[in-house]
There are 2 protein chains.
Amino acid sequence: MAEALKVGVAGLGTVGASVVRVLCEKANSLACQCGRSIKVVAVSARDKGRDRGIDLSNIRWFDSPVEMAAFDEIDVFVELIGGELDIVYTAVKSALEAGHHVVTANKALLARYGVELAIIAEQKGVFLHFEAAVAGGIPVVKAMRESLVSNHISRIYGILNGTCNYILTRMFTEGFSFKDCLADAQRLGYAEADPTFDIEGNDTAHKLALLTSLAFGTAISLDDVYVEGIHNISQIDIRAADELGYRIKLLGVALKTDSGIEQRVHPTMVPTSSMIAQINGVTNALSIQSDLLGELLFSGPGAGGMATASAVIGDLADIAKARSGFHYAPVLRRPALELAPHKKARISHHAGGYFIRLNVHDRAGVFAAVARHMADNHISLESIVQRPFIENQIEKTIILITHETTEVNVRQALAEIEKDGHLVAKSQFIRIERMAEN
Amino acid sequence: MAEALKVGVAGLGTVGASVVRVLCEKANSLACQCGRSIKVVAVSARDKGRDRGIDLSNIRWFDSPVEMAAFDEIDVFVELIGGELDIVYTAVKSALEAGHHVVTANKALLARYGVELAIIAEQKGVFLHFEAAVAGGIPVVKAMRESLVSNHISRIYGILNGTCNYILTRMFTEGFSFKDCLADAQRLGYAEADPTFDIEGNDTAHKLALLTSLAFGTAISLDDVYVEGIHNISQIDIRAADELGYRIKLLGVALKTDSGIEQRVHPTMVPTSSMIAQINGVTNALSIQSDLLGELLFSGPGAGGMATASAVIGDLADIAKARSGFHYAPVLRRPALELAPHKKARISHHAGGYFIRLNVHDRAGVFAAVARHMADNHISLESIVQRPFIENQIEKTIILITHETTEVNVRQALAEIEKDGHLVAKSQFIRIERMAEN
C-alpha cells in the first residue's frame, strides 16, 4: 500500500473534531477505498486543554494555523476554523504556497478570496477542494465541477440555509410567527444566538456566489448578490401563498440573462407541486438546469458536524487517490486565470411574476386606484384575492399575483400606491420563481 | 496544453452519436476544463453508410468493436453498443487487457461481468467508469464511489426506469389502464416496441445490482434480485392507494438486514408526502441512506441520448484530468478483489407493511373469515377500506393496510383466504416502503 496521506486539521470545533473522529473510526474502510491511509498528523486550535472526545496523542499540536501551514510533514491542510477571516486567509495562502493541498469548508473565505487562492493552487499544482463550503453533505460542487463538464448551465436555484428553511417550514406547519419560530430554532440549536448571518440571507449569498462561478465560469462576485432576508415574512403571506398554490422558501438563484448574471437571495414563491416546495426543515436542496440534462435536483443535509465531515473526507479521499506529481484540477471548474469577469444584471431588470400584499384602508375607491396604478405600469394580474385576513373592520388585505413583469414596474406601481395614502402598512412583494414542469 | 485524450467510440446509435456530437460541439469548453482536448479518433458500428448527422471524416472506422479494442492509438474505449453481450464482453475485456481505459453505459454487461472486468481494470491500472449505466444523467455512481467514502450506507431506493414511472404517473393522473398507458408510452418513444425488459422490472434490477455493490461493498449479484413488474397494477390499486395516502412507484430497493442483503424490485407504496412520490414522468431518482448524512436524494433524467452523453463525457473528463501513470481507482468503490461475497436475504423474510386488495363475493361472513386468517397469521391491520370500487352488485373490494409483518405471513394468510373460496379474482398485495420523515 502507498504511503499514508498526512493531514493537518486547523480548527477543532464540531466539524474539525468530527473529521478527526471519523478518520480514526473508519480508517480501515477509507484505506481500502483510497489505497492508502489518511492520517491526521497535526492539528491546530486555540485551547489545547479542552476535551473534544478525540484522542490527540501522537498528533503534533500547533497553537497557530499559520504555523501549521508551514509544517512540512503534512500533505493536506484542512481548514475548518471559520470566522477570523484574516488569519484563515493567511494560513490557507501559506499552505498553498508551501505546496500543500487544501480542503476547506469556509464559504466566507472563498467568496472573498476564492479566485486568488485558486490561482495559487493551480500554479502550485495542488488541490483546493471545498465541497463542505456549499451545501454541507450534498455533493454539488463535485457534480458541477466533474459530472456536468459537458453541460451549459442556464440557471441554478436552491435552499442553501437550513436555519431559514426550518423557520419557514415551522411558520407554515404550525402557524407561528417568524419571531416564535426563530426562538424555537435557537432552542433546538438550528439557529445561532446571533442569527443575523443566516436569516438576513448572507450565508445563502456566500454559497450562491461560489455556485455561480462554478455554473457560469465567471469570477466569484459576492458583492453583486442581491440579498433579502426572511424577517419580513408574515403569517398572512404564508397563508395567502398556500391558498394560491405556493410555498415561500428562501432561495438562492443565479441565472444568465441578456444583461448579465442575476444572483439573488430572497424569499421566493415556489409552486406547491414543485420538488423544491417539498424540502422541509433543515434540509438543503439545489436544482441545476442545463442543456443536456434539463433539471437535476439534489437534496440532503446542509449542515451539522457529521454531514460536513462527510464532505471534507470525500475531498480528502480524492486527494488520496490522486497519485501523480502534477494534478490538473481547476478549483472553480475552469482554470482560475480564465474565469470571465462577472457581469451583473441589475435587480431592477429582473423579469418575473410577483406576489404583492397591500394592507389598505377599507374605503371606496381603493381597489380601483390600485388597479389603475398596476395598469399604468403595464402590470397585468393573474389572481386577485381581497379578504379581511386580519380581524379588523377598518382595513383590508389585497393580494395580487402578477403575470411576468419587471421589478422596476412593480416598485414604481407600489410607490404610486403608497403616495395615494391608501396603505395602512408598508406594502409587501415576493418574487415568484418559475419551475420546470414536474 | 497536454496531449489530447484519444477516444474510440464503439456503437453509434442515439447515445454514441450524441457523445461524438457533444465532444465536437463543446471541444473548446471541455479542453479548458480538462487541460487537454478529448478527441474521437476511432469509431466502430455496423453500418458505415448510415447518416448519423455527425462528421466522421478523419476518424478511423472499425467494423468490429473487438478490432477497435486492439487499436493502439486510443487511450479510452467507450462502449455504447448495448445488446450483443458476447461481443461487448469480448471487446471491453480486450480493451482493458490492451491497457485502455473503458467508459461504458452498459448495465447488462456490468451486472454480469462487472467484478471480473473490474479486477482486470485494477490490475492494469486503468479506469473502468460507468456513470451512464445506472441513472442516466444523474451522477449517482460518482457520488457513491467518491463523495460518500466515509459513509456507512444502510439502504438505497430509487426510481430507476423512466418507462415504468411514466406509465404509473399517467395511470394516476389520467385514470387510464396499464395497457393504454403503455401504448401511449410506446407512441411517445418512452417505451420500446418490446417493453418487457422495462415493465417486468429487469432494467431496474440490473441497475440496482450495480448500486448494491457500490453501497455495501459486495460482489454484484443480479440473480439475487427479487423482481416483480408493474403489469398487475390496476386503477383500483392506484385509487385506493391515493385514498390511503400512498402513491405506487416501481422501486429498486437494497438494504442490509440481519439475514443478508435484500435486493428487491417491485411496485411499492410510498407515502404521498415523500419526495420519491413527487418524481413524475420519465424522471429517475435515487435515495441513499447513510450514517453521516441521513438521507441524500438525487433526481434527474434517467435516459435519453443527451443525458447519457453527459454522463459518458463526465467519465471521460475524469480520465482526461488524471495524468499519472498509475491510477488508484477501484471500479466498484472498493478494490474488486476485496468485495465481500453477496449474502442474499430471502424475500420471504422481508419485514414491512403491506397493501392487500381482495375482490370477494358480496356475502355474509366473508370479512370475518378474512379477519380471522389475518389474525391467525399474526398480521395486525392499520387500515381497512371496504367499498364497491367496481360497479357490480355481486362482488366487493376489501383493501387492507397491515402493520409491519413478514412476507411469509402475508403469503400464508392469502393462501388460506384463497382456499376458502371467497375470492372472485386473484388477491393483490403491494409492499409498503417506510420513508424517513420529511
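All chains use their own residue numbering, which begins from 1 and follows the written sequence. Chain letters and ligand numbers both follow the written order, the letters beginning at A and the numbers at 1. pLDDT decides what is reported in this predicted model: residues at 70 or higher carry local features, side-chain atom pairs at 80 or more are listed and counted, and totals for whole chains, interfaces and linings draw on all residues regardless. Think of the side-chain values as coming from all heavy atoms in the structure, minus any hydrogens and water.

## Things to note about the pairing of strand β2 (residues 38–44) of chain B
Residues and elements named next belong to chain B. Definition in use: Three exposure classes are used, based on accessible area relative to the maximum for each residue type with a 1.4 Å probe and protein chains only: buried under 20%, partly exposed in between, and exposed over 50%. The helix count covers DSSP runs of H or I at least four residues long, the strand count covers runs of E at least two residues long, and both are numbered beginning at the N terminus. At least two DSSP bridges between two strands are required for those strands to pair.
For β2, the tally of buried residues reaches six of seven residues, placing the bulk of the element in the interior. Where strand β1 (residues 5–10) and β2 come together, six bridges link them in parallel fashion. The residue of β2 that forms the bridge with Gly-8 is Ala-42. Relative to strand β3 (residues 60–62), β2 is paired through three bridges, and the arrangement is parallel. Note on β3: the bridge partner recorded for Ala-42 is Arg-60.

## What about the relation of the copies chain A and chain B?
Test applied: Only residues with pLDDT of at least 70 in both copies contribute their C-alpha atoms to the least-squares superposition of the copies. Two residues form a contact once any of their heavy atoms are found within 4.5 Å.
Once chain A is rotated about the relating axis by 180° and shifted along it by 0.0 Å, it coincides with chain B to within an RMSD of 0.0 Å. The superposition operator between the copies reduces to a two-fold rotation axis. A high fraction, 100%, of the interface residues of chain A reappear at the interface in chain B, so the copies pair face to face through one surface.

## A word on the UniProt feature "binding site: NADP(+)" (unreviewed entry) in chain A
Residues and elements named next belong to chain A. Note the cut-off: UniProt positions are given in the numbering used here, feature names are shortened, and annotations may be inferred rather than shown by experiment.
With numbering aligned to this structure, UniProt lists the feature "binding site: NADP(+)" (unreviewed entry) at Ala-10, Gly-11, Leu-12, Gly-13, Thr-14, Val-15, Gly-16 and Ala-17. On the secondary structure map, Gly-16 appears in helix α1 (residues 14–25). Excluding residues that lie within four positions of it along the chain, Gly-16 makes contacts with Val-9, Gly-11 and Leu-80. With respect to the helices, strands and loops of the structure, Ala-17 is situated in helix α1. The class of Ala-17 is buried, set by a relative accessible area of 6%. Leaving out residues up to four positions away in the same chain, Ala-17 has contacts with Leu-12, Arg-52 and Ile-54.

## Let's talk about the sheet that holds strand β4 (residues 76–79) of chain A
An order of β3-β2-β1-β4-β5-β6 (chain A) is seen for the six strands of this open sheet, with the pairing classed as parallel. Two strands in the sheet have a free side with no partner beyond their single neighbour: β3 (60–62) and β6 (128–129) of chain A.

## Observations concerning the sheet that holds β3(B)
Residues and elements named next belong to chain B. Applied cut-off: Fitting a line to C-alpha atoms yields each axis, with helices limited to the stretch in contact; the angle taken between N-to-C directions then spans 0 to 180 degrees.
Strand order in the open sheet made by the six strands is β3-β2-β1-β4-β5-β6, with parallel pairing throughout. Only two strands of the sheet have a single partner each, and these edge strands are β3 and β6 (128–129). Strands β1, β2, β4 (76–79), β5 (101–104) and β6 of the sheet are contacted by helix α13 (residues 305–321), whose axis makes an angle of about 165° with β5.

## What about the packing of aromatic side chains?
All names here are of chain A. We apply this condition: Between rings of Phe, Tyr and Trp, where Trp is taken as its six-membered ring, a pair exists when centres lie within 6.5 Å; planes separated by under 30 degrees are stacked, by over 60 edge-to-face, and by other angles tilted.
All told, the structure shown has nine aromatic pairs over all chains when counted by the stated rule. On the basis of an interplanar angle of 65° and a centroid distance of 4.8 Å, the ring pair of Tyr-166 and Tyr-190 is categorised as edge-to-face. Here Tyr-190 lies in the loop between α9 (178–187) and α10 (196–199) and Tyr-166 lies in helix α8 (residues 162–174), a separation of 24 residues in the sequence. You can call Tyr-190 partly exposed: its relative accessible area is 38%.

## Describing the environment of A:Ile248
All names here are of chain A. Structurally, the position occupied by Ile-248 is in strand β9 (residues 246–257). For Ile-248 and Val-270, which are 22 residues apart along the polypeptide, the C-alpha to C-alpha distance reads 6.4 Å. Residue contacts for Ile-248: discarding those within four places in its chain leaves Leu-168, Ile-233, Asp-237, Ile-238, Ala-241, Pro-267, Thr-268, Met-269 and Ile-430.

## Quick word on the interface of chain A and chain B
Heads up, the condition is: Accessible area that two parts lose when put together, evaluated with a 1.4 Å probe and summed over both, is termed the buried area. The rule for a salt bridge is simple: a side-chain nitrogen of Lys or Arg has to be within 4 Å of a carboxyl oxygen of Asp or Glu. Any pair of N or O atoms that falls within 3.5 Å is considered a polar contact. Within protein, one atom must be able to donate a hydrogen and the other to accept it, and sequence-neighbouring residues count only if both atoms are side-chain atoms.
At the junction of the two partners, chain A supplies 52 residues and chain B supplies 52 residues. Summed over both partners, the interface of chain A with chain B buries about 4,400 Å², with 56% contributed by carbon and sulfur atoms. Where chain A touches chain B, the interface holds four salt bridges. At the junction of chain A and chain B, the tally comes to 20 residue pairs in polar contact (both at pLDDT 80 or more). Listed by contribution, the elements that provide at least two residues to the side of chain A that touches chain B are α2 (27–34), α7 (140–147), β12 (294–301) and α13 (305–321) of chain A. If one sorts the elements of the side of chain A that touches chain B by residue count, α13(A) sits on top with eight residues. By the bridge criterion, three bridges tie β12(A) to strand β12 (residues 294–301) of chain B in an arrangement that is antiparallel. When the bridges of β12(B) are listed, A:Ser299 appears paired with B:Leu297.

## A short note on the packing of helix α14 (residues 366–376) of chain A against helix α15 (residues 407–420) of chain A
Residue and element names in this part refer to chain A. This is how the line gets drawn: Each angle is binned into one of four classes, with values under 35 degrees roughly parallel, values over 145 roughly antiparallel, values of 65 to 115 roughly perpendicular, and all other values oblique. Helix crossings fall into two classes, left-handed where the near helix is turned counterclockwise from the far one by less than a right angle and right-handed where it is turned clockwise.
Orientation of α14 relative to α15, taken along the N-to-C sense of each, is 150°, at an axis distance of 9 Å. If you check the angle between α14 and α15, you find them roughly antiparallel. Pair α14 / α15 crosses with right-handed handedness. The residues of α15 that touch α14, namely those facing Ala-369, Val-370, Arg-372, His-373 and Met-374, are Ala-413, Leu-414, Glu-416, Ile-417 and Asp-420.

## A few points about the state of the cysteines
Residue and element names in this part refer to chain A. Our working definition: Cysteine sulfurs are considered disulfide-paired once they come within 2.5 Å of each other.
Throughout the structure, instances matching the rule amount to zero disulfides over all chains. Note on Cys-34: no disulfide assigned, nearest cysteine sulfur contributed by Cys-32 at a separation of 9.0 Å. Of the residues examined, Cys-34 reaches a relative accessible area of 0% and is grouped as buried.

## Considerations on the domain arrangement of chain A
Residues and elements named next belong to chain A. We apply this condition: Note that the domain bounds were set by an automatic or database domain assignment.
Assigned domains of chain A: these are domain 1 (5–137 + 305–321), domain 2 (142–301) and domain 3 (351–432). Contact between domain 2 and domain 3 buries roughly 1,500 Å² in total, counting both sides, with carbon and sulfur atoms accounting for 61%. Per-residue buried area on domain 2 facing domain 3 is highest for Ile-236, Leu-244 and Met-269; these three make up 37% of the total on that side. As a salt-bridge pair, Arg-431 and Glu-228 come within 3.1 Å of each other at their nearest N and O atoms. Along the contact surface separating domain 2 from domain 3 lie eight residue pairs in polar contact (both at pLDDT 80 or more).

## Focus: the pairing of β9(A)
Residue and element names in this part refer to chain A. The element β9 is largely enclosed, with a buried count of ten among its twelve residues. Sheet topology places strand β7 (residues 153–159) next to β9; four bridges connect them, and they run antiparallel. Of the residues in β9, the one forming a bridge with Gly-158 is Gly-252. What sits between the antiparallel neighbours β9 and strand β10 (residues 260–271) is a turn of two residues.

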